[in-house]
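As a plain string of letters, each chain reads:
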Amino acid sequence: MQTNAETGAVGVNDVVSIERLGAIALVALDNPPVNAASHALRSGLWQAVEELQKDQDIKAIAVYGKGRTFIAGADIREFGKPPQDPWLPDLCNFLESCPTPIVCVLHGTTLGGGLEVALSCHARIAITGTKVGLPEVTLGILPGAGGTQRAPRLAGVKASLEMITSGKPIAADKALQSGLVDRVEDGAPRDVAVQAARDVIDQTLQTRRTGELTAEQDNEAVRDMRDKLANTQPLLFSPHKCVDAVEASHLPLTEGLKEERRLFNECMESPQRAGLIHAFFAERAVSKIPEASATPRDLDLIGVIGSGTMGSGIATALLLAGFQVILTERDQDGLDRGTATIGNNLEGAVKRGKLTTQARDAILENKLSTSTDLSSLSNADLVIEAVFEDMGVKREIFEKLDECVKPGAVLASNTSYLDINQIAATTSRPQDVIGLHFFSPAHVMRLLEVVVADKTSADVVATGFALAKRLKKIGVRSGVCDGFIGNRIMTFYKKAADYMMMDGASPKEIDEAMRGFGLAMGPYQVADLAGLDISWAANKRRAATRPPEERYIPIADQLCEQGWFGRKTGQGFYIYDDDGTRPNPKALEIIDDERRKAGVTPRAFSSEEIVNRFTTAMILEATRVLEEKIALRPIDVDAVFLFGYGFPRFRGGPMHTADQIGPKELVRRIEEYAQEDDYYWQVPDLLRKMAETGETFAQMNERV
Ligand code: 3HC
Ligand code: NAI
């Protein structure tokens with residue numbers, strides 16, 4: 001045990017210490033970075049309270065957290081490993097039963113098991129600015145340390161259902177209104193803790209055991225939430241279990257806790273839990289890049305070239321993050337269109353309550369300027385090009401940028417597919433050139449592929465990642481290839497969908513099957529939304545180099561020949577006169593026609609076969625992307641699909657899904673499909689090796 005010479009605090013272990021001040025005792029938790037309730041924290045807190053409750057001189061205990069937050073939840077890294085005593089639920093019961101009153105001081109993000117610890121104490125004070133929540137559902141579980149039983153006893157069933165099924169944290173004042181905390185105060189956690197413990201002794205702060213209160217049954221709230229979730233989250237497992245657990249809160253505490261434990265265990269065993277936790281770590285793992293130690297360049301003034309779909313979205317994202325933006329276009333008409341779109345986007349942010357009207361006006365007045373002259377970008381720290389997807393046009397622009405933009409500026413292209421090395425080669429400063437591939441709508445979608453070319457310098461890569469962070473986006477490092485990580489894999493699996501369409505499945509059947517798997521949209525809905533003309537242009541570009549062995553399905557091209565580019569022209573694979581769910585009968589005729597021309601007798605495809613072929617194709621190309629080191633790790637591929645392509649979070653991403661299926665089964669499937677088409681369906685060497693050695697993609701994440 002170590003004693004702090006200044007405060008006299010005595011360490012119970014590495015993360016928990018006790019400080020005695022007369023009749024009060026402070027228990028400090030110090031487990032950086034987020035005070036997760038690891039084994040050390042749980043056992044330290046237990047030991048501290050056990051020791052203090054035996055001490056007749058101690059009349060009140062105050063627990064607080066050091067660092068940036070009180071406990072932010074159970075230690076997620078311990079999930080799936082053998083549990084170590086004391087368990088969090090036992091600790092909570094132990095705290096609640098302590099004869100000496102315990103008050104708890106909350107700050108930062110008091111989440112999950114952290115809030116459950118707090119609910120088990122006898123009074124709670126939140127420091128102004130604290131957020132409290134039970135986000136377990138976002139990890140595929142439910143609050144498993146009494147949260148589903150104690151929150152309703154303090155805040156009622158309805159408010160608890162809302163909080164627990166949404167997983168969304170609430171602000172301290174709302175927590176006060178709902179009864180989850182007793183006071184909101186200003187001050188440093190330790191100071192507030194000292195005063196709170198004194199108030200307990202003076203009886204100016206009431207204490208009570210949450211478990212001794214009763215929760216009013218609220219069948220209507222339970223029924224309403226069940227109905228809502230059945231509609232909005234039919235594929236998810238844990239939200240429904242959260243409702244079951246909260247419903248049990250009218251039972252005596254021990255019975256309710258038993259029911260909570262049973263349901264919690266079901267969630268823990270669900271594959272969705274593993275998928276959602278993988279997604280949580282994917283979001284954070286992608287920032288671990290080889291260039292992480294480089295110092296990003298300063299960014300303030302950013303130029304955007306082209307104010308079409310992407311340029312105006314990118315400019316909006318930059319403005320919302322506080323950057324100074326110069327938007328350039330070919331002519332004034334283009335600029336007017338762009339500024340109108342930006343205005344609408346900002347108006348949307350105002351409507352959603354993300355921006356005040358004053359802030360919107362200030363942005364438009366002070367932060368955005370426009371020009372039809374590229375030399376207006378001479379002082380920009382970063383220029384993002386978002387003009388037509390045409391190498392000639394892009395090269396011309398980069399040549400001009402090389403002449404007019406200050407040395408040291410980062411020159412970026414938002415190209416979807418084109419070779420960043422070729423673009424960089426038109427400049428005298430290829431080290432400053434990078435791909436910043438945003439996703440549409442750019443001010444909404446979270447993914448940003450940071451495409452690193454052969455000569456891109458480390459600080460320029462670090463700048464790309466720093467930009468992603470400022471924009472609250474998820475930057476994923478990609479190497480250069482046709483389409484980078486995401487579009488390359490998408491181009492490949494889209495072919496598998498097209499082959500199924502040609503062989504007998506309708507676009508609607510394919511879309512429905514993939515939505516049933518959990519994709520936000522089916523591949524033909526995506527194609528119609530993105531614009532069929534985009535892939536038409538890419539198909540034409542690739543026509544000259546397309547290998548003769550490759551089976552080519554010209555159906556979408558035929559639609560484009562008719563001027564049907566999807567949603568923007570009112571029809572594509574679907575008709576967009578109402579909600580866009582009606583298949584386009586004329587598209588179905590074209591499909592029939594093409595089948596006849598190719599001599600294909602259509603056959604039926606089950607949803608299972610559609611999903612299997614589609615996901616296998618996705619994993620196949622993703623494995624090649626890894627083999628070629630275009631993606632750093634499997635988890636980077638997962639992040640791209642989770643945050644840019646609507647891949648279901650509960651499945652963790654394509655590589656996590658691949659581990660669930662297993663390499664042997666994947667090889668078996670590919671070999672089976674290869675009997676029809678051995679050019680498209682080829683087993684990647686890496687996958688074959690994995691089938692032999694049993695290595696998983698998860699293990700490769702650990703290794704890098
Ligand atoms: N367990 C283990 N590690 C955690 C963690 C947790 N609960 N929460 C965060 N971390 C890690 C992160 O992985 C990250 O590690 P890294 O630096 O190695 O990448 C580090 O802590 C810092 O996290 P962030 O980068 O996310 O820091 P932020 O300041 O941006 O966000 C936060 C802080 C809001 C607390 C955010 O990390 C978060 O939302 N964490 C998860 C909270 C949560 O879901 N709690 C419930 C857990 S489940 C539970 O309690 C079950 C119980 O009911 C039995
Ligand atoms: P768009 O056609 O909507 O906009 C392009 C804009 O560039 C037009 O406004 C055009 O007037 C302008 N422009 C063309 N030449 C110019 C020049 N020399 N100087 C200044 N402006 C010029 O195209 P979109 O969809 O915005 O795409 C732009 C780029 O972003 C392309 O490289 C595309 O591949 C890429 N991209 C597109 C995505 C999408 O979903 N649309 C997603 C991600 C990337």
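Given the structure is predicted, the values throughout are model-derived calculations rather than measurements.

Scoring rules and cut-offs
Residues numbered from 1 in each chain as written. Chains lettered and ligands numbered in written order. Predicted model: local features only at pLDDT ≥ 70, side-chain atom pairs only at ≥ 80, totals over all residues. Heavy atoms only, no water. Helix = DSSP H or I, 4+ residues; strand = E, 2+ residues; numbered from the N terminus. Rg over C-alpha atoms; globule rule 2.2 N^0.38 Å. Buried < 20%, exposed > 50% of the residue type's maximum accessible area, 1.4 Å probe, protein only. Contact = heavy atoms within 4.5 Å. Areas by Shrake-Rupley, 256 points an atom, 1.4 Å probe, with all protein chains shown as cover. Salt bridge = Lys/Arg side-chain N within 4 Å of Asp/Glu carboxyl O. Domains from an automatic or database assignment. Pairing = 2+ DSSP bridges.

Our next topic: the overall build of the chain. Helices and strands together make up the secondary structure of the chain, namely 29 helices and 20 strands. Relative to its length of 704 residues, the chain is compact, with a C-alpha radius of gyration of 29 Å against a globular reference of 27 Å. The dimensions of the chain, computed from C-alpha atoms along their principal axes, are 90 × 60 × 50 Å. Each of the 704 residues in the chain was classed as buried or not, and the buried ones make up 57%. Look at the contacts in the chain between residues 6 or more apart in sequence, and 72% of them connect residues 24 or more apart. Carbon and sulfur atoms make up 50% of the accessible area of the chain, which amounts to about 30100 Å² in all.

Further remarks concern the pattern of salt bridges. This structure, assessed with the given rule, holds 49 salt bridges. A salt bridge links Arg-488 to Glu-621; its shortest N-O distance comes to 2.8 Å. Placement of the pair is Arg-488 in helix H18 (residues 484-503) and Glu-621 in helix H24 (residues 607-627), with a sequence separation of 133 residues. Note that Asp-593 is salt-bridged to Arg-596, the shortest N-O span being 2.9 Å. On the criterion of helical spacing, the pair formed by Asp-593 and Arg-596 is a turn pair, its members being three residues apart in helix H23 (residues 585-598).

Take the domain arrangement of the chain next. For the chain, the domain assignment lists domain 1 (10-268), domain 2 (301-478) and domain 3 (486-629 + 632-703). Computed over C-alpha atoms only, the centres of domain 1 and domain 2 are separated by 44 Å.

Note the cis peptide between Pro-32 and Pro-33, where omega equals 5°. If you trace the backbone, Pro-33 turns up in the loop between strand S3 (24-29) and helix H1 (39-53). Of note, the bond from Asp-85 into Pro-86 is cis; its omega dihedral lies within 30 degrees of zero at -5°. A positive phi angle, close to 65°, is found at Gln-203, a residue other than glycine. Relative to the assigned elements, Gln-203 resides in the loop between helix H7 (189-202) and helix H8 (219-232). Residue class for Gln-203 comes out exposed when judged on its relative accessible area of 60%.

Once that is clear, we can look at the side chain of Thr-328. Position of Thr-328 relative to the elements: it lies in strand S12 (residues 324-328). Here Thr-328 falls in the buried class, since its relative accessible area comes to 2%. Excluding its chain neighbours within four sequence positions, the residues that come into contact with Thr-328 are Val-304, Ile-305, Gly-306, Ser-307, Leu-335, Ser-371, Asp-373, Leu-374, Ser-376 and Leu-377.

Read across the sheet, seven strands follow the order S1-S2-S3-S4-S5-S7-S10 without closing on themselves; strand pairing throughout is mixed. The two strands at the open ends of the sheet, each matched to only one other strand, are strand S1 (10-11) and strand S10 (183-185). Here strand S5 (residues 102-106) pairs with strand S7 (residues 123-127) via four bridges, running parallel. Bridging across to S7, Val-105 finds its partner in Ile-125.

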